[in-house]
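Coordinate analysis (summary)
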Amino acid sequence: MNDTVGLFEKAPVPQAVLKNTIPAMAAMLMVLIYNLADTFFIAQTRNDILVAAVSLATPVFLIFMALGTVFGIGGTSVISRSLGQGRTEHAKKVCSFCMWGCVTVGVVISAVFLLLMEQILELIGASADTWGPARTYLTIVALGGPFVLISSCFSNILRAEGQPNKAMMGQILGNLLNVLLDPVLILGFRWGIAGAAIATVAGNLAGAGYYLLHFLRGRSTLSVHIRDLSFRDGIGAGVLAIGIPASLGSLLMSLSQIIINARMAGYGDMALAGMGVAMKVTMMTGMVCIGFGQGVQPLLGYCVGAGLWERFKKIMGFSILFSLGLSAAMTGLCYLLRGPIIRVFLTEPASFDFALTFTNILLTTSFLFGVFYVLANALQAMGAAAQALVINLSRQGLIYIPALYILQALLGATGLAWAQPVADLLSTVLVAMLYFWTSRRMMAGE
């Protein structure tokens, strides 16, 4: 706890921010590598139909991770504010609630996926060629659902108690195992897309196991024991009030990807494969910026709980400038390397051309990612549930999904790609307005 106070309350702002965000960004880079690994090794089979199938299945699988963030982001917000107020026992009960919430929700959602698999495949736009591979992938990963939720949740919560390195190590362990297993199972054993799914489940199982051992060995002030599970003092409501809006962004991202895949499938499997790879190129900037935003959130939440508004403003000022430079640099790097990156994943000339066109469009606003995620995480850190809900509903829902239909009607396949830059620009303006309004009111004691 003293280490937490020293880092969150007394360390120089740049040191505090970077010490908490670098492990978070490194962890998200590992998540990125882990996300790219399946597609990369599937691409080595020289079958772009399987690449298209992975593109279809990935957003459905990401629903599990999004549900983990309900408890991970919500728990982080409540726990960091509780620690700032000196309420250690309350923080312990919140952590236990998050653990058993992940187990319950994971089991239920896995069962739903397995029971409704045919309907899900029809919904996501699987063609006659991609139906079988997508079904195989989703069936296997659904069996590991609870472990995906636990891994996703506690990679956030450990940062709330000032353990960013351990949060990072859990993600690195799981993702590294996935990356190592991919070539063995996909290419060595020739299990193809089934091998990719098994590697994904194994990686999440390893990550979840690492986090649980951390708590069970008594190395934390928090707890995952069922004896500490409590629904009193607004624990559930506090976690869900922040966690649901935060996860809605991820859930809507999965939903919007499902919609765009289904509509892009109308232009052929090569267009679908091209869009999937273009999104992965842009994801390189997005994942790093998500990690930065998640890393800075516990610092901001602690300041809110402790009433350290001057330090809060200094952390925000440094974080905004740093994240803007970071996302601009990453965008430039992705643009320069877009051709070679796409060639790693796609072999058909038609799918390559689609991917290059879509990548050029998606990169036009990715320099805004850093600012957006810092401001969005600041709203979550302040416990501004309503404002966080508005942001997450807007970026991937109220703005993006209508834009998909409108711009497709106007521009066809490229219109589907232009919907994301439109949503990025408008949602960044919206989150900035809500942040300034909310922070001024809170600092004025309203």
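Provided above is the structure to which this section pertains.
As a starting point, this report considers the structure included with it. All figures in this text were calculated on a predicted structure; none of them were measured in a lab. (Residues numbered from 1 in each chain as written. Predicted model: local features only at pLDDT ≥ 70, side-chain atom pairs only at ≥ 80, totals over all residues. Heavy atoms only, no water.)

**Quick notes on the overall build of the protein**
Put simply, the rule is: Runs of H or I in DSSP of at least four residues are treated as helices and runs of E of at least two as strands, each being numbered from the N terminus. Two things to know: the radius of gyration comes from C-alpha atoms, and the globule rule equals 2.2 Å times the number of residues to the power 0.38. For every residue, the accessible area obtained with a 1.4 Å probe (protein chains only) is divided by the maximum for its type, and the residue is called buried under 20%, exposed over 50%, and partly exposed between those limits. By definition in these notes, contact holds between two residues if any of their heavy atoms fall within 4.5 Å. What sets the accessible areas is the Shrake-Rupley method with a 1.4 Å probe; for residues, cover comes only from the shown protein chains. A positive count includes Lys and Arg, and a negative count includes Asp and Glu. His and the chain ends are not counted in either. Where a charge lies is defined by one atom per residue type: Lys uses NZ, Arg uses CZ, Asp uses CG and Glu uses CD.
Looking only at helices and strands, the protein has 18 helices and zero strands in total. For 446 residues, the compact-globule formula gives about 22 Å, and the C-alpha radius of gyration of the protein, at 21 Å, lands near that figure. For the protein, the spread of C-alpha atoms along the principal axes amounts to about 60 × 40 × 35 Å. Out of the 446 residues belonging to the protein, those deemed buried represent 59%. Long-range contacts, defined here as pairs at least 24 residues apart, represent 84% of the contacts in the protein between residues at least 6 apart. By element, 68% of the accessible surface of the protein is carried by carbon and sulfur atoms, the whole surface being about 16,600 Å². Of the side-chain charges in the protein, 25 are positive and 18 negative, and the distance between the mean point of each set is 10 Å.

**Details of the layout of surface pockets**
Operational definition: In this analysis, the protein atoms alone were mapped onto a 1 Å grid. Cavities are point sets where a 1.4 Å probe fits without being able to get out; pockets are open sets with protein on both sides within 12 Å along at least five of seven lines; lining residues have an atom within 4 Å of a point. Grid points are joined across faces, edges and corners, and a volume is the space filled by probe spheres set on the points. Residues are grouped as follows: nonpolar covers Ala, Val, Leu, Ile, Met, Phe, Trp, Tyr, Cys and Pro; charged covers Asp, Glu, Lys and Arg; every other residue, Gly included, is treated as polar.
By volume, the second largest pocket is sized at about 160 Å³. Val-60, Ile-63, Val-112, Phe-113, Leu-116, Ile-120, Leu-123, Ile-124, Leu-255 and Ile-258 together form the lining of the second largest pocket. Secondary structure elements with two or more residues in the lining of the second largest pocket: helix H3 (48-84), helix H4 (88-115), helix H5 (117-123) and helix H10 (235-264). Its residues assigned to classes, the lining of the second largest pocket shows ten nonpolar, no polar and no charged.

**Quick notes on the packing of aromatic side chains**
Inclusion rule: Only Phe, Tyr and Trp rings are paired, with Trp represented by its six-membered ring, and only when their centres lie within 6.5 Å; those with planes under 30 degrees apart are stacked, over 60 edge-to-face, the remainder tilted. Both a distance and an angle decide whether a charge sits over a ring: NZ of Lys or CZ of Arg must be within 6 Å of the ring centre and within 35 degrees of the ring normal.
A full pass over the atoms with the stated rule returns 15 aromatic pairs. With 4.9 Å between their ring centres and 80 degrees between their planes, Phe-40 and Phe-41 make a pair best called edge-to-face. The class of Phe-41 is buried, set by a relative accessible area of 14%. When the centroid spacing of 5.2 Å and the interplanar angle of 65 degrees are considered together, the rings of Trp-309 and Phe-312 count as edge-to-face. In this pair, Trp-309 and Phe-312 are both assigned in helix H12 (residues 309-336), three residues apart and thus about one turn of the helix distant. Taken individually, Trp-309 and Phe-312 each receive the classification buried, so the pair is uniform in this respect. One aromatic cluster is present, built from ring pairs that chain together Phe-40, Phe-41 and Phe-345. When the ring centre of Tyr-335 is taken as origin, the NZ or CZ atom of Arg-338, which lies over that ring, is 3.9 Å away.

**Quick notes on the pattern of salt bridges**
In plain terms, the rule: Salt bridges, as used here, are contacts in which a Lys or Arg side-chain nitrogen is within 4 Å of a carboxyl oxygen on Asp or Glu.
The tally for this structure, following the rule as stated, stands at four salt bridges. The partner of Glu-118 in a salt bridge is Arg-135, with the nearest N and O atoms 1.9 Å apart. With Glu-118 in helix H5 and Arg-135 in helix H6 (residues 131-143), this pair connects stretches of sequence that are 17 residues apart. By relative accessible area, which is 33% here, Arg-135 ends up partly exposed. With its nearest N and O atoms 2.8 Å apart, the salt bridge here joins Arg-395 to Asp-424. Note that Arg-395 is positioned in helix H16 (residues 385-398) and Asp-424 in helix H18 (residues 413-443), a separation of 29 residues in sequence.

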